[in-house]
Amino acid sequence: MGVSRASLREALRSFEAQGFLQRRQGSGTYVVRPPRLIQSGLEVLESLETLARREGMQVGFGALSIDMRCAEAEECRLLRLAPGEEALCVSRVITCEGRPIAYLVDILPSRLLSPQELESDFHGSILDLLLRRGDPPLLASRTEISAIPAPAHVARALGVQRGDVLLCFIADLYAADGQVIDHSYSYFLPGYFRFHVVRRVGQAAASPPQATPLEGQTLPPKADIPVRKY
């Protein structure tokens, strides 16, 4: 074919990430039906289940892990936990039409949710669970978005090659009192998602408008931009 093995491997990895190929360990590489895309704007925080339902799709979850562990130093700072205090870590694979499409990790104060509550009333989305509870009331999410090479444990969970490019959201979810109650990592296979942002056209000569995240609400200085960051 006039190409090197390295070029061929990179092409196959690219097609796999876009959902056109599926590798099955011990069996081979197969051409599959192009995936339906989950499309959404990022102005409103919604769960994958909600986004998929809007597109007429259904998502599920598997490989659920619920762990109580000592919070790390950065988690203690974000969640205002005492050193050595426990945090609840919930990780799971999200599937759509039988294919893994995302890997989600949520880290919360242990006092907020119990493993027993997750076992009885959990469908894959921590956000939806908190919204159904209504306590604590939620305010906003601040999210950093980047493209990263897949870490080994995420690659295994999603069935892709280590180093394949993933879309990564690192987010802090704020309650109405300004407290971070959920620190999360979301890894998306780019071939299954199409996100967009609607932006206001700025005036070059005008002073930038003052940020008002949510009317009547204020957040502490560390969260002075409690909206999605692009």
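These figures come from a predicted structure and were not determined experimentally.

Parameters at a glance
- All residue numbers here refer to positions counted from 1 along the written sequence of the relevant chain.
- For a predicted model such as this one, the threshold for reporting local features is a pLDDT of at least 70, and the threshold for listing and counting side-chain atom pairs is 80 or more; totals across whole chains, interfaces and linings nevertheless cover every residue.
- Derived side-chain values reflect all non-hydrogen atoms in the structure, with water molecules and hydrogen atoms excluded from consideration.
- Between any two strands, at least two bridges found by DSSP are needed for them to pair.
- The helix count covers DSSP runs of H or I at least four residues long, the strand count covers runs of E at least two residues long, and both are numbered beginning at the N terminus.
- Angles run from 0 to 180 degrees between N-to-C directions of axes, and those axes are lines fitted to C-alpha atoms, restricted for helices to the stretch in contact.
- Contacts are assigned to residue pairs that have any heavy atoms within 4.5 Å of one another.
- pLDDT expresses, on a scale from 0 to 100, how confident the predictor is about each individual residue.
- To count as a disulfide, a pair of cysteine sulfur atoms needs to be within 2.5 Å.
- Relative accessibility under 20% of the residue-type maximum defines a buried residue, over 50% an exposed one, and the middle range a partly exposed one, all with a 1.4 Å probe and only protein chains included.

Undergrad: Help me get a handle on the sheet that holds strand 6 (residues 99–109), residues and values and all.
TA: Pairing is antiparallel in the open sheet, where six strands are placed in the order 4-5-6-9-8-7. Unpaired on one side and paired on the other, strand 4 (59–70) and strand 7 (138–149) mark the two borders of the sheet. Taken pair by pair, the neighbouring strands of this sheet meet at an average axis angle of 15 degrees, ignoring direction. Across the sheet, helix 5 (residues 126–133) is in contact with strand 5 (86–96), strand 6, strand 7, strand 8 (165–175) and strand 9 (180–188); its angle to strand 7 comes to roughly 180 degrees.

Undergrad: So what's going on with the confidence of the model for the protein? Residues and values would help.
TA: Of the residues in the protein, 84% have a pLDDT of 70 or more, and the chain-wide mean is 83. When mean pLDDT is taken per element in the protein, strand 9 scores highest with 97 and strand 1 (residues 21–24) scores lowest with 71. This stretch, residues 211–218, has a pLDDT under 50; its non-local contacts, to residues over four places away or in other chains, come to five contacts. Below pLDDT 50 for its whole length, residues 221–230 participates in 28 contacts with residues either more than four positions away or in separate chains.

Undergrad: Could you give me a rundown of the state of the cysteines, with the residues and numbers involved?
TA: Within the structure shown, the criterion is met by zero disulfides. Not engaged in a disulfide, the cysteine Cys70 finds its nearest cysteine sulfur in Cys76; these two sulfurs lie 8.5 Å apart. Assessed through its relative accessible area of 52%, Cys70 is described here as exposed.

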